[in-house]
Amino acid sequence: MVDSSGEGRRGGKAVQLAESGCVKKYVFSPSGRELWTVVGSRGDLLVDDALPYCSCRHFHFRVIGGMDVTCVHLMALTVARARGLYKEFKLSDEEYRQLLGFILNDFSSSL
Ligand SMILES: [Zn+2]
């Protein structure tokens, strides 16, 4: 069922993101810490559906601002997890800060 309110379109976009391999899971060892990213139009975004959190503009301005409940990246993460569509990478704990720094740098330069 597709509606015209935007929710259906966004759902389609989320599925498309998941199916095109945009959702990535990083597992760090030896801590076992996990980090998820979704490739957005401006690079990798940090996503966490437990919080929930996404580092995209939409999440920061619309969701945190109370005008929306989620963003397409968090929806893509849910779809990818449910259908096993994500790519998994194994990194060492030393690389955690590096990856995080890289993503956050990318994020601040997109604002
Ligand atoms: Zn997002």
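Above this text is the structure in question.
Just so we're clear, the structure is a prediction, and the values are computed from it rather than from any experiment.

1. Considerations on the side chain of T70
With respect to the helices and strands, the residue T70 is situated in the loop between α2 (57–63) and α3 (72–83). Judged by its relative accessible area of 18%, T70 falls in the buried class. Those residues in contact with T70, other than ones at most four positions away along the chain, are R10, H58, V63 and M75.

2. Let's talk about the packing of helix α1 (residues 7–19) against α3
Axis separation between α1 and α3 bottoms out at 8 Å; the angle between their running directions is 55 degrees. By the angle class used here, α1 and α3 are oblique. In the crossing of α1 with α3, the sense of the turn from one axis to the other is right-handed. The residues of α3 that touch α1, namely those facing E7, R10, G11, K13, A14, V15, L17, A18 and E19, are V72, H73, M75, A76, V79, A80 and R83. When the residues that make up the contact of α1 with α3 are grouped by side-chain class, the tally is 9 nonpolar, 2 polar and 5 charged.

3. Description of the coordination of the zinc ion
The zinc ion binds to the protein through C54 (SG), C56 (SG), C71 (SG) and H73 (ND1); the donor distances cover 2.1 to 2.3 Å. Between the 4 donor atoms coordinating the zinc ion, the angles at the centre fall across 104 to 114 degrees, so the site counts as tetrahedral.

4. Some words on the sheet that holds strand β5 (residues 87–92)
Note: strands within a sheet are paired through backbone hydrogen bonds, in either parallel or antiparallel orientation. Taken together, the 5 strands give an open sheet; going across it, the order is β4-β3-β2-β1-β5, and neighbouring strands pair in mixed fashion. Both edges of this open sheet fall to β4 (53–54) and β5, since each of them pairs with a single strand only.

5. Re the pattern of salt bridges
Opposite charge on two side chains lets them pair, provided their charged atoms get close. One pass over the full model with this rule turns up 6 salt bridges. Two residues, R83 and E19, come together in a salt bridge whose shortest N-O distance is 2.8 Å. Residue R83 is located in helix α3, and its partner E19 is located in helix α1; the two are separated by 64 residues in the primary sequence. We classify E19 as partly exposed; its relative accessible area is 48%.

6. Quick look at the environment of V27
Following the sequence through the fold, V27 ends up in strand β1 (residues 23–29). Once the C-alpha coordinates of V27 and K90 are considered, the two residues, 63 residues apart in sequence, prove to be 4.9 Å apart. The residues touching V27, leaving out its near neighbours within four places in the chain, are G32, R33, E34, E88, F89, K90 and L91.

What counts, and at which threshold
Residues numbered from 1 in each chain as written. Predicted model: local features only at pLDDT ≥ 70, side-chain atom pairs only at ≥ 80, totals over all residues. Heavy atoms only, no water. Helix = DSSP H or I, 4+ residues; strand = E, 2+ residues; numbered from the N terminus. Buried < 20%, exposed > 50% of the residue type's maximum accessible area, 1.4 Å probe, protein only. Contact = heavy atoms within 4.5 Å. Axes fitted to C-alpha atoms, helices over the stretch in contact; angles between N-to-C directions. Parallel < 35°, antiparallel > 145°, perpendicular 65-115°, else oblique. Left-handed = near helix turned anticlockwise from the far one by under 90°. Nonpolar A, V, L, I, M, F, W, Y, C, P; charged D, E, K, R; others polar. Donors = N, O, S within 2.8 Å, 3.2 Å for Na, K, Ca; no water. Tetrahedral: all angles 85-135°; square planar, octahedral: opposite > 155°, others 65-115°. Pairing = 2+ DSSP bridges. Salt bridge = Lys/Arg side-chain N within 4 Å of Asp/Glu carboxyl O.

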